[in-house]
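A look at the structure
What follows is the residue order along each chain.
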Amino acid sequence: MKKSVIEDAISRQNKVSNDQTLRPLAQRIVRNAIIDGKFPAGQKLIERELCELTGASRSVLREALASLEASGLVERQSYCGFRVAKVSARKVVEIFELRASLETLAAELFAVRASEEEMAALVQAFHEIEKRDKKFILSDMRSAKERYFGVIFAGCRNEEIVHALGNVIDRIDYLRSRLLLNQQRRKASLEEFRFLTEALISRNPIEIRKASLRHLYAARDAVLDVLAEENTVVHHRPRKNRAA
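Scope of this entry: the structure provided in the associated data block. (Residues numbered from 1 in each chain as written. Predicted model: local features only at pLDDT ≥ 70, side-chain atom pairs only at ≥ 80, totals over all residues. Heavy atoms only, no water.)

1. Overview of the overall build of the protein
To keep it simple, the criterion reads: Secondary structure elements follow DSSP: runs of H or I no shorter than four residues count as helices, runs of E no shorter than two count as strands, and numbering proceeds from the N terminus. Relative accessibility thresholds used throughout: buried, under 20% of the residue-type maximum; exposed, over 50%; partly exposed, between the two (1.4 Å probe, protein chains only). Contact criterion: two residues are considered in contact whenever any of their non-hydrogen atoms come within 4.5 Å of each other. To measure how exposed things are, a 1.4 Å probe is used in the Shrake-Rupley method; for residues, cover is taken only from the protein chains shown.
The secondary structure content of the protein amounts to ten helices and three strands. When the helices and strands of the protein are placed in sequence order, the string is α-β-α-α-β-β-α-α-α-α-α-α-α. A buried classification covers 39% of the 244 residues belonging to the protein. Here the analysis covers contacts within the protein between residues at least 6 apart in sequence; of these, 73% occur between residues at least 24 apart. For the protein, the exposed surface amounts to about 14,600 Å²; the carbon and sulfur share of it is 53%.

And the structure:
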C-alpha cells in the first residue's frame, strides 16, 4: 500500500529531524577524535571510516566536516575531501595573541563579578585538574581544563568574549591536547593553574593578569617548540631511494 501524502511528509520530516540530531553528534565525535590525537595534523579523513566511527550517513558527515572546517580544525582539499588542518607557527602566535587579550580580560572580570559559589566551583575545577594529573588520561584532563575555563567564562558575565573565542576554541583545545602529552609541560602547567587560581581567589587584578599571561606565554612557547622540533625532524628525514 502506498503511503499517503501526510505519511510521506511525516517520514521526510522525521528524516530531517534525525539528520539535525546526528550532525552535531557526528561533529563532536570527529572533533574529539582529532583533538585527542587519533587523527594527526595533515592526515586525510576517510569518509567511510568516519561514517563507521560516528554512525552518520555521508551527507550528515559532510555537514559535520563543513562545520569543523569553519572552526579551523579541518581543511578541504580540492577534489580530495578533507584532512586535519596543520597549524603554522604564525597561526599559533595569532591564536595566543587573541587568548592573551580575551582570556586575561575574562579572568579579570571573573574576579570582579563571580559569586562565592562560582569561586568555589573554580577551586573545585582546579582540584579536578590536580586529580586528573595524578592519573593521566588525555581526554579526561582535556575535559577538566575545559570545565575550569568554562567556570571563568560563565562567571565573567561577558558573552562577547565567549563568542569571540568560539571562533578558535577547537584549535585552542587541539593545541592544548598536544601539550598535555608532554609530562614536563603538564607539571609546569599545573603550577601555572595553581598560581592563577590563587590570584583569582584573592581577586587581585595585578596578580590575575600576571598569572594569566604567564600561563599563556609559556603554553605558546611550548607549542612553538613542538612545531620547530617537528619541522626539524621532517627536514632531516632521509629520502627514500628511488628505483633505478
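More follows now that the structure is in view.
2. Some remarks on the pattern of salt bridges
The condition that has to hold: By convention in these notes, a salt bridge is any Lys or Arg side-chain nitrogen within 4 Å of a carboxyl oxygen on Asp or Glu.
What the rule picks out here adds up to 25 salt bridges. Across the salt bridge formed by Arg31 and Asp170, the nearest N and O atoms sit 2.5 Å from each other. Of this pair, Arg31 sits in helix H1 (residues 5-35) while Asp170 sits in helix H8 (residues 169-180), and the two are 139 residues apart along the sequence. The two residues Arg31 and Asp170 agree in class, both being buried. Residues participating in the shared-partner salt-bridge network are Arg31, Asp36, Arg142, Glu146, Asp170, Asp173 and Arg176.

3. Some remarks on the nonpolar core
To keep things clear, this is the line we draw: Each nonpolar core is a collection of buried residues, namely Ala, Val, Leu, Ile, Met, Phe, Trp, Tyr and Cys, held together in the definition by side-chain atoms within 4.5 Å.
Judged by nonpolar contacts, the single largest core of 62 residues is most densely connected at Tyr148, Ile152 and Leu200. Not counting residues up to four positions away in its chain, the partners in contact with Leu200 are Ala107, Phe110, Ala111, Met119, Leu122, Tyr148, Ile152 and Ile208.

4. A word on the sheet that holds strand S2 (residues 74-77)
What counts, and what does not: For two strands to pair, DSSP has to find at least two bridges joining them. The axes used here are C-alpha line fits, helices contributing only the stretch in contact, and every angle between their N-to-C directions lies in the interval 0 to 180 degrees.
Within the open sheet, the three strands sit side by side as S1-S3-S2. Their pairing is antiparallel. Taken across any chain shown, the strands that pair with only one partner, and hence form the sheet edges, are strand S1 (44-45) and S2. In this structure, S1 lies alongside strand S3 (residues 81-84), joined through two bridges in antiparallel fashion. Within S3, the position partnered with Lys44 by the bridge is Arg83. Sheet strands in contact with helix H3 (residues 58-70) are S1, S2 and S3, and its direction is about 115 degrees off that of S2.

5. Side note on helix H2 (residues 47-54)
Test applied: The reported arc concerns the directions from the helix axis to the C-beta atoms and nothing else.
Along H2, the residues that are buried comprise Glu47, Leu50, Cys51 and Thr54. Down the axis, H2 shows its buried residues gathered within 105 degrees of arc, on one side only.

6. Re H8
To keep it simple, the criterion reads: Expected helix span is given by 1.5 Å per residue-to-residue step, counting one fewer step than there are residues.
Look at H8: 16 Å from first C-alpha to last across twelve residues, which is about the 16 Å you get at 1.5 Å a residue. Of all twelve residues making up H8, ten are buried, and the element is well covered by its neighbours.

7. Section: unusual backbone geometry
Apart from glycine, the bulk of residues carry a negative phi angle, and the bulk of peptide bonds sit in the trans form. Look at Arg157: it is not a glycine, yet its phi comes out positive at around 60 degrees. On the secondary structure map, Arg157 appears in the loop between helix H6 (138-155) and helix H7 (159-166). At Arg203, a residue that is not glycine, the phi angle is positive and equals roughly 55 degrees.

8. A word on the side chain of Thr54
Put simply, the rule is: Polar contacts, as used here, are pairs of N or O atoms within 3.5 Å; protein pairs need one atom able to donate a hydrogen and one able to accept it. Residues neighboring in sequence count only if both atoms are side-chain atoms.
Among the secondary structure elements, Thr54 is positioned in helix H2. Given a relative accessible area of 10%, Thr54 falls into the buried group. Reaching out from Thr54, the side chain makes a polar contact with the backbone oxygen of Leu50 at a distance of 2.8 Å. A polar atom in the side chain of Thr54 sits 3.2 Å from the backbone nitrogen of Ala56. Setting aside its immediate chain neighbours within four residues, Thr54 contacts Ala26, Ile29, Val30 and Leu61.

9. Comments concerning the environment of Val112
Within the element layout of this structure, Val112 appears in helix H4 (residues 89-113). Through-space distance from the C-alpha of Val112 to that of Leu200 is 9.4 Å; in sequence the pair is 88 residues apart.

10. Considerations on the environment of Leu45
Looking at where Leu45 falls in the secondary structure, it is placed in strand S1. Assessed through its relative accessible area of 5%, Leu45 is described here as buried. For the pair Leu45 and Val30, spaced 15 residues apart in sequence, the C-alpha to C-alpha distance is 9.8 Å. Leaving out residues up to four positions away in the same chain, Leu45 has contacts with Phe39, Leu50, Leu65, Val74, Phe82, Arg83 and Val84.

11. Some words on the packing of H4 against H6
For the record, the criterion: Angular relationships are summarised with four words: roughly parallel below 35 degrees, roughly antiparallel beyond 145, roughly perpendicular across 65 to 115, and oblique for the angles in between. For any pair of crossing helices, the crossing counts as left-handed if the nearer helix is rotated counterclockwise from the farther one by less than a right angle, and right-handed if it is rotated clockwise. Gly falls in the polar group here, along with every residue not listed as nonpolar (Ala, Val, Leu, Ile, Met, Phe, Trp, Tyr, Cys, Pro) or charged (Asp, Glu, Lys, Arg).
For the pair H4 and H6, the least separation of the axes is 8 Å and the interaxial angle reads 65 degrees. Regarding the angle of H4 to H6, the classification is roughly perpendicular. Considering how the two elements wind past one another, H4 and H6 form a crossing that is left-handed. Counted together, Arg99, Glu103, Ala106, Ala107, Leu109, Phe110 and Arg113 of H4 and Phe149, Val151, Ile152, Phe153 and Gly155 of H6 form the full contact between these two elements. Residues of the contact of H4 with H6, tallied by class, amount to eight nonpolar, one polar and three charged.

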